[in-house]
Number of protein chains: 2
Amino acid sequence: MDARAYIEAHREEFLSSLDEWLRIPSISAEPEHHEDVRASADWLADHLRATGFPTVEVWQTPGLPSVFAEWPAADPDAPTVLVYGHHDVQPVDPVEAWETEPFTPTLRGTSLYARGASDDKGQVLFHALGVRAALAASGADAPPVTIKMLIEGEEESGSVHFPDLMRERRDRLDCDTAVISDTTMWSADVPSMCVGMRGVTDVQIDLHGPDRDLHSGSFGGAVPNPLQAMSDLLSALHDDDNHITVPGFYDGVVEATDEERELIARLPFDEKEWLSTAASAATWGEKGYSTLERVWLRPTAEINGMWGGHIGEGRKTIVPASAHAKVSFRLVPGQDPVKVQQGVQEFVEAHTPAGLRAGTDFSGPGTRACASDLSSPTLKAARSAMEQAFGKEVLFTREGGSGPEADIAEILDAPLVFVAVGLDEDRIHAPNEKVEVPLLLKGAESAAHLWRELAERS
Amino acid sequence: MDARAYIEAHREEFLSSLDEWLRIPSISAEPEHHEDVRASADWLADHLRATGFPTVEVWQTPGLPSVFAEWPAADPDAPTVLVYGHHDVQPVDPVEAWETEPFTPTLRGTSLYARGASDDKGQVLFHALGVRAALAASGADAPPVTIKMLIEGEEESGSVHFPDLMRERRDRLDCDTAVISDTTMWSADVPSMCVGMRGVTDVQIDLHGPDRDLHSGSFGGAVPNPLQAMSDLLSALHDDDNHITVPGFYDGVVEATDEERELIARLPFDEKEWLSTAASAATWGEKGYSTLERVWLRPTAEINGMWGGHIGEGRKTIVPASAHAKVSFRLVPGQDPVKVQQGVQEFVEAHTPAGLRAGTDFSGPGTRACASDLSSPTLKAARSAMEQAFGKEVLFTREGGSGPEADIAEILDAPLVFVAVGLDEDRIHAPNEKVEVPLLLKGAESAAHLWRELAERS
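The name given to chain A in an unreviewed UniProt entry is Peptidase, with the source organism recorded as Nocardiopsis kunsanensis.

**Some remarks on the overall build of chain A**
Tallying secondary structure elements over chain A gives 14 helices and 18 strands in all. Relative to the 2.2 N^0.38 estimate, which gives 23 Å for 458 residues, the radius of gyration of chain A is 24 Å and therefore close to what a compact globule would have. Out of the 458 residues in chain A, the part that is buried amounts to 61%. Split by element, the accessible area of chain A, about 17300 Å² in all, is 47% carbon and sulfur. Between the centroid of the 38 positive side chains of chain A and the centroid of its 76 negative side chains there is a distance of 2 Å.

**Re the packing of helix α2 (residues 11-22) of chain B against helix α4 (residues 121-138) of chain B**
The description of two helices packed together rests on the angle between their axes and the distance between the axes. Residue and element names in this part refer to chain B. Here α2 crosses α4 at 140 degrees, and the two axes come no closer than 10 Å. The angle between α2 and α4 places the two elements in the oblique class. Where α2 crosses over α4, the handedness of that crossing is right-handed. Where α2 approaches α4, its residues F14, S17, L18, W21 and L22 are matched on the opposing element by K121, G122, V124, L125, F126 and L129. Across the contact of α2 with α4, the residue classes break down as eight nonpolar, two polar and one charged.

**Remarks on the domain arrangement of chain A**
All names here are of chain A. In terms of domains, chain A is made up of domain 1 (3-197 + 369-457) and domain 2 (199-253 + 299-362). Spacing between the C-alpha centres of domain 1 and domain 2 amounts to 40 Å. Counting residues at the interface gives eight residues for domain 1 and six residues for domain 2. Interface area for domain 1 against domain 2, summed over the two sides, is near 440 Å², with a carbon-plus-sulfur share of 56%. At the junction of domain 1 and domain 2, the tally comes to zero salt bridges. At the junction of domain 1 and domain 2, the tally comes to two residue pairs in polar contact (both at pLDDT 80 or more). Here the side of domain 1 that touches domain 2 is built from residues that sort into four nonpolar, three polar and one charged.

**Topic: the pattern of salt bridges**
The full count for this structure, using the stated rule, is 52 salt bridges over all chains. In this structure, A:R38 engages A:E35 in a salt bridge whose closest nitrogen and oxygen atoms are separated by 3.4 Å. Note that A:R38 and A:E35 are positioned in helix α3 (residues 34-51) at a spacing of three residues, about one turn of the helix. The partly exposed category is assigned to A:R38, whose relative accessible area is 28%. We classify A:E35 as exposed; its relative accessible area is 57%. With a shortest N-O distance of 2.8 Å, B:E260 and B:R398 are connected by a salt bridge. In this pair, B:E260 is assigned in helix α8 (residues 258-266) and B:R398 in strand β16 (residues 395-399), connecting sequence segments 138 residues apart.

**Looking at the relation of the copies chain A and chain B**
In the superposition of chain A on chain B (RMSD 0.4 Å, axial shift 0.4 Å), the rotation amounts to 180 degrees. In short, the pair behaves as if placed about a two-fold rotation axis. Of the interface residues in chain A, 100% have counterparts in chain B that sit at the interface too, so the contact is made through matching surfaces.

**Quick look at the environment of A:V95**
Mapped onto the elements, A:V95 comes out in the loop between β3 (80-86) and β4 (106-108). Each C-alpha atom, one on A:V95 and one on A:P105, is 15 Å from the other, the two residues being ten residues apart in sequence.

**Some points on the nonpolar core**
If you look at the biggest cluster of nonpolar residues, it comprises 86 residues, and the most contacted ones within it are A:F14, A:L48, A:F53, A:M149, A:L450 and A:W451. If near-sequence neighbours (up to four positions away) are discounted, A:M149 is found in contact with A:L48, A:F53, A:V67, A:F68, A:A69, A:V83, A:V124 and A:H127. In terms of nonpolar packing, the next biggest core, distinct from the first, is built from 85 residues, A:V319, B:F14, B:W296 and B:L395 among them.

**What to know about the UniProt feature "domain: Peptidase M20 dimerisation" (unreviewed entry) in chain A**
Mapped onto this numbering, the UniProt entry annotates "domain: Peptidase M20 dimerisation" (unreviewed entry) at residues 197-354 of chain A. Secondary structure within residues 197-354 of chain A divides into 32% helix and 22% strand; the distance between the first and last C-alpha atoms comes to 40 Å.

**Describing the pairing of strand β7 (residues 177-180) of chain B**
Side-chain positions along a regular strand alternate between the two faces of the sheet. Residue and element names in this part refer to chain B. The alternating pattern of β7 places T177 and V179 and A178 and I180 on opposite faces, both of which are buried. Where β7 lies against strand β17 (residues 416-418), three bridges are found, and the strand directions are parallel. Following the sheet pairing, I180 is matched in β17 by F418.

**Some remarks on helix α4 (residues 117-138) of chain A**
All names here are of chain A. Over its 22 residues, α4 runs 29 Å from end to end, which matches the ideal 32 Å to within 8%, given 1.5 Å per residue. In terms of residue burial, α4 counts as a mostly covered element, since 18 of its 22 residues are buried. Positive phi appears at G139, one or two residues downstream of α4, with a value of about 75 degrees.

Calculation criteria
- Residues numbered from 1 in each chain as written.
- Chains lettered and ligands numbered in written order.
- Predicted model: local features only at pLDDT ≥ 70, side-chain atom pairs only at ≥ 80, totals over all residues.
- Heavy atoms only, no water.
- Helix = DSSP H or I, 4+ residues; strand = E, 2+ residues; numbered from the N terminus.
- Rg over C-alpha atoms; globule rule 2.2 N^0.38 Å.
- Buried < 20%, exposed > 50% of the residue type's maximum accessible area, 1.4 Å probe, protein only.
- Areas by Shrake-Rupley, 256 points an atom, 1.4 Å probe, with all protein chains shown as cover.
- Lys, Arg positive; Asp, Glu negative; His and termini not counted.
- Charge placed at Lys NZ, Arg CZ, Asp CG, Glu CD.
- Axes fitted to C-alpha atoms, helices over the stretch in contact; angles between N-to-C directions.
- Parallel < 35°, antiparallel > 145°, perpendicular 65-115°, else oblique.
- Left-handed = near helix turned anticlockwise from the far one by under 90°.
- Contact = heavy atoms within 4.5 Å.
- Nonpolar A, V, L, I, M, F, W, Y, C, P; charged D, E, K, R; others polar.
- Domains from an automatic or database assignment.
- Buried area = accessible area lost by both parts, 1.4 Å probe.
- Salt bridge = Lys/Arg side-chain N within 4 Å of Asp/Glu carboxyl O.
- Polar contact = N/O pair within 3.5 Å; in protein donor to acceptor, adjacent residues only side chain to side chain.
- Least-squares fit on C-alpha atoms with pLDDT ≥ 70 in both.
- Core = buried A, V, L, I, M, F, W, Y, C linked by side-chain atoms within 4.5 Å.
- UniProt positions renumbered as here; feature names shortened; annotations may be inferred.
- Pairing = 2+ DSSP bridges.
- Expected span 1.5 Å × (residues − 1).

In C-alpha cells form, the structure reads like this:
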C-alpha cells in the first residue's frame, strides 16, 4: 500500500485523534491552563507510543514539559532527522469572537476549526500519520531514517526554557537535519517551502533632558527638547533610499541567491490584495527590492512605540523632560544581533545632542535569522518529497517573522528544513483558527516521502 | 508732600488694606470659590470708591465679574490711561507645601506671603496708593490724566469672557494708553520694563496608517510606519540652523531694534544660573541669537507631546496604526496666528508620505504677540517714571510666555505699557507666593510719576 493510500485509509482515525488532542486547552501563557499543557504532553506521549515509537519521554523543564520520541532506523548508518513542533497553544481572547467553541473542534467543509488546529497540533500530528505511512509503503518495521521528535510546551510563551533544555539534552538530540513543521505555505494551490526566517533584536531608547517639564514660554526654543531630539534620531535611522544608517548594520549580510529571488518573483503575489491584508494604503521600503524581498530578505528598523510629554486631552505648552521610543530590528542571515546592538548603541550616542542624556535597554541578546542552504541534498530531498505529495512544483518562501528555530540550528548544529502546510488565512493567534484537513494529509504524505528520499540520498 | 513721602506715610494703611483683600480666596478656576471671586470684586469696588474714584462699577459677565473705575482729569484735554490687572488668583495646591496659610498674609522681613500677593492683587492695589500720591504731590483734587481701571476676575482661568466684555463696553474703555501691571522686573536690583510678550498657537497632528497595528515580521519594512513618518515630519520642522521650515512662518516678523537688543545684552544674565533654573544641561536654539533673544524675540516650534504604538512595558513588534504629536508655536510681533496655522497645515500635508492620512487640530485661533513701540512718548514717559521711583536706569525685557494682553491692545486700539514690579522668584502659581513690599511701594511711586509725566508730555 503506498503512502497516499495508507493516509486516505486512516483519515478518520487521524481526525479522531486530533479532535481528542485539540480538546485539551494547553495555553502556556495562562497559569490556570498549565495543568492542561501537562495533560497535552501526556496525551502526545501516549499517542506516539501507540504510533510505535520505541522511546517516548516527557521532558520536564522549570516551566512546561516537552515531549521527546525516537524511532531508530533499521540501518544503523541511515541519517537521523529531528522533527520540531509544539503542543502548547495561544490564548483564545476575545472568546466571544469565535463562531464555535475554541476547544470543541468543528469540521466545516474541509476546514477544521479549533485553537491549535494549524498552530501547531495539526502539524505535529501529521508526522505520526506520516511515519506509519512510510512503514506501510516500505513494508518494514522501522523507518528508513532515525526519526526523533521534540515537541515543545512553551513556544507560545517565549520558549524561555527551550534553549537550555536542548543544551542539557544535546546528546539525545543529535541529528543530521532538523525538520520544522510550524510555518505556512504560500497558498493551498501554490505549495511552497519556507527557506528562512528573519531574526530580531529590539531596544528601548530613552532621552532625558531637563529634570522636569519646563514652561515653553520661559524656556522653549532655548534648551534642547528631548522629543525633538528623538524625532531627529529616529528620522536619521533611514537614509533617502530607506537604507538603515546604523553603523555596521549590513556587515556580514548574506544576500539571497539569484535563484531564490527568481523563485520569489514567480510567486503569484498580488500587491493590491497584500495591501488590503495589511490594511495599508501604500507600500514603502528599501530602494531596489520588491515588497516580498523587503519582508523576507532584507533587515529592517521599525519604530514600535514612542512617547513623551503631554499625551492627554487639551494643550500643555511644555518642553518635556524626556522622550522614549521602542525600536525593533528584523535581521537576516549573516547579521550578528550582538554587533547590531553595538551599532545601535553607537548610533544613539552619535545622535544625542549636547544637554541630553541617552539610555538604551535591549530586551535580550536577540535572535539570529536562519536560512536553508538551497543547494544542500537535504533541501532538495524535502522539496522533492513535497512535490510528490502535492503533484506540483514547490516554490520557496521565507518568513518575515522570527522564532526559536535559529536556536535549534545553532544548538543542534544541524541544517533546518521547513516542511509545513499552514496557511496565512488559518488565523493562528486570532479567533476562529482553522486548518485545512487536505493539507494536513499532504503534510503527512510529504513526511513519508521525505524519510524515504533522505535514506536514498544518504 | 511729594509722592514718595506720601507713600511712606501711608505704608501701614496700604498693607492693612492689602491684608484684608488677600484674605479673600478668589480662585476663579474652582467653582466652590466663585462666591469669593464676587466678594473680591465688591471689596475692590469699595476700596476704589474710598480712594476717591467718582465712578466705580462691578461689571458682570456670563462668568465672574470685572471691576471698572474711572477718575476724570481736571483738564478735559488730558490723555486717558487704562490700567489692566486682575483680582482672581491661582489655586493653592499642594496646600501642604505652604509654610504659612495661603490666605493668611504673613510678613517675613520685606516679603509678604500670600496667594495673590504678587499675582496680581499687590500690583493692582499699588495703583490706588499711586493715584492718592499723585494728588498729594500736585495738591489737586483730580489726577493729571483720566485714569480708568479695568480689573478682571477670570485671568487665571483663561480670560474666557474678557474679550467680549471689552468689545461690549468698548466706548467706556476708550483710552490713549493701556498700562499693564501683571508682569515682572529683571530683579529687585535691576528694575526693568517688559516691552513685549510672545503669542502662541498650537496644534495636534495625527498620522493614520494601517487600520490596526500590524505584525512587524509580516509587514515591517514594506508599509509606511506612522511613527517613522511623524519623526521625519517633526525632524523637518527645523533646519540645520534651527530655523523653522513651516512655509511663510517668518512672514511679517517685526525684528527687534538694535537699541532693544543692546539693552537686552546689558542685562546681567548668568547663563549657568539660568540653566540651573531650567534644570537643563545645555542651551540650544536658533543660530544667530543669544539665549534671551531666543526666548523673548524669536518665534519657536516646540513638541509638547508625542505618542503612538506600544508604550507599555516589554516589547511588541508592531507597525503602529497611528502616531500623534502636540506642537506649540510661540509667536512674535508681526506674525498672524491664522497664517501660521495655514503654513502648518501646508507643512503637514507636504510631509505626509503616500499611504498615510494626516489630520490637524488647532486648539483655537491662537494669540498674537504684542510689543511696545520703544520710540513712543508713552513708553519714554513710563521708563522715566520708573527711573525716578527706582533712582536707576530701567532696562527692557520681554516675556517669553503669552497672555491676553494682545487682545487688550487690539480691541482698545491702544499701545501697551507694562509697569510692574513682580519678580521671577515670587513663586506665582506655586506654593509660598510672596511679593516684595518695597517694590510694591516703588510701583505706586512709578504710577504717580507716570500720570504726571503723561500729562506733561501730552
